[in-house]
Amino acid sequence: MKVQQLSEHIWSLKTWMIIPIHVWVVVEEDGVILVDAGLGSMTKGILSFIEKLGAGPLKAIVLTHGHSDHVGAIKKIRQHSSVPVYAHSIEIPYMEGKLPYPGRKKAAASVEAGLAKPLQADADGELAAFGSLRPYLAPGHSPGHVVYHHERDQVMLAGDLFTSKKGQLRLPMKMFTFDMNEAVRSSRIVSKLKPIRLEVCHGSSVLQPAEQMDAYLSAYQGNKGQSSSFVQL
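Quick caveat: nothing in here was measured; it's all calculated off a predicted structure. (Residues numbered from 1 in each chain as written. Predicted model: local features only at pLDDT ≥ 70, side-chain atom pairs only at ≥ 80, totals over all residues. Heavy atoms only, no water.)

To continue, consider the environment of alanine 128. Of note, alanine 128 is situated in the loop between β7 (116–118) and β8 (133–137). By relative accessible area, which is 32% here, alanine 128 ends up partly exposed. Placed 44 residues apart in sequence, alanine 128 and proline 84 show a C-alpha to C-alpha distance of 16 Å. Among all residues touching alanine 128, those that are not within four sequence positions of it are Gln120, Ala121, Arg134 and Pro135. (Helix = DSSP H or I, 4+ residues; strand = E, 2+ residues; numbered from the N terminus. Buried < 20%, exposed > 50% of the residue type's maximum accessible area, 1.4 Å probe, protein only. Contact = heavy atoms within 4.5 Å.)

Written as structure tokens, this is what we have:
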């Protein structure tokens, strides 16, 4: 597993399974938060890194969404330490197998029922800060996909809202994205927050991503006439 410090408080842990798979460790005052839980094979590396880091215990796991490559190490991590797991309330029924993910024929549980707790939200649906992270609902790749913005470090942990290549924003993987139009609309959160660094599960770091957004949106709006999967943004 490759480890990289991204900012003062955030570390990336990466493995490969045909494509790169990243999870992130965020240092808080009283321990660390794990953002996404990758594959089951990453468990030992994640726990070993947290122990070596010496920034305190694992306090919680927060998920961008519930696809299998984002939750794989949860079970084994919780055998070591029964930390709480959080996801958006919209996502939880799909993760638990109560509803099939859109575009899939059958429901399939990626986590056991009752394990994941909903991220707190106000009456308007705005998500509350989780430690140093501010979650934002960014659906499209999955119904309850969330991105996490570390306001102090100005880093966005974007899960599968994008992929990237050589520092350039790319669409999320089409075969696993239920509504590409909505995913592209959700990407506007980057222009609103203007992080200095954006991290994706499958790809490389993107610096100053807001500077790429006009070109990103224009390119895919141009495709709307070529494919029924695109509509006007």
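Next up on the list: the pairing of strand β9 (residues 146–150). Within β9, five of the five residues are buried, leaving the element largely enclosed by the surrounding structure. Neither face of β9 is exposed, since Val146, Tyr148 and His150 on one face and Val147 and His149 on the opposite face are all buried. Judged from the three bridges that link them, β9 and strand β10 (residues 155–157) form a sheet pairing that is antiparallel. When the bridges of β10 are listed, histidine 150 appears paired with valine 155. The hairpin turn running from β9 into β10, its antiparallel successor, is four residues long, and glutamine 154 in that turn takes a positive phi close to 55°. (Pairing = 2+ DSSP bridges.)

This part takes up the sheet that holds strand β2 (residues 10–17). Taken together, the seven strands give an open sheet; going across it, the order is β1-β2-β3-β4-β5-β6-β7, and neighbouring strands pair in mixed fashion. Strands with a single pairing partner mark the edges of an open sheet, and in this sheet they are β1 (2–5) and β7. Sheet twist, expressed as the mean angle between neighbouring strand axes with direction ignored, is 30°. Relative to β7, strand β6 (residues 85–87) runs parallel, the two sharing three bridges. Bridge assignment links alanine 87 to a residue of β7, and that residue is proline 118. (Axes fitted to C-alpha atoms, helices over the stretch in contact; angles between N-to-C directions.)

The next subject is the environment of alanine 60. Within the secondary structure, alanine 60 sits in strand β5 (residues 58–62). Remark: the alpha-carbon pair of alanine 60 and valine 85, spanning 25 residues in sequence, is separated by 6.0 Å.

So, on to the confidence of the model for the protein chain. The predicted model of the protein chain averages 93 in pLDDT, with 95% of residues at 70 or higher. Per-residue pLDDT stays below 50 along residues 225–233; that stretch engages in 18 contacts with residues further than four places along the chain or on separate chains. (pLDDT = per-residue confidence, 0-100.)

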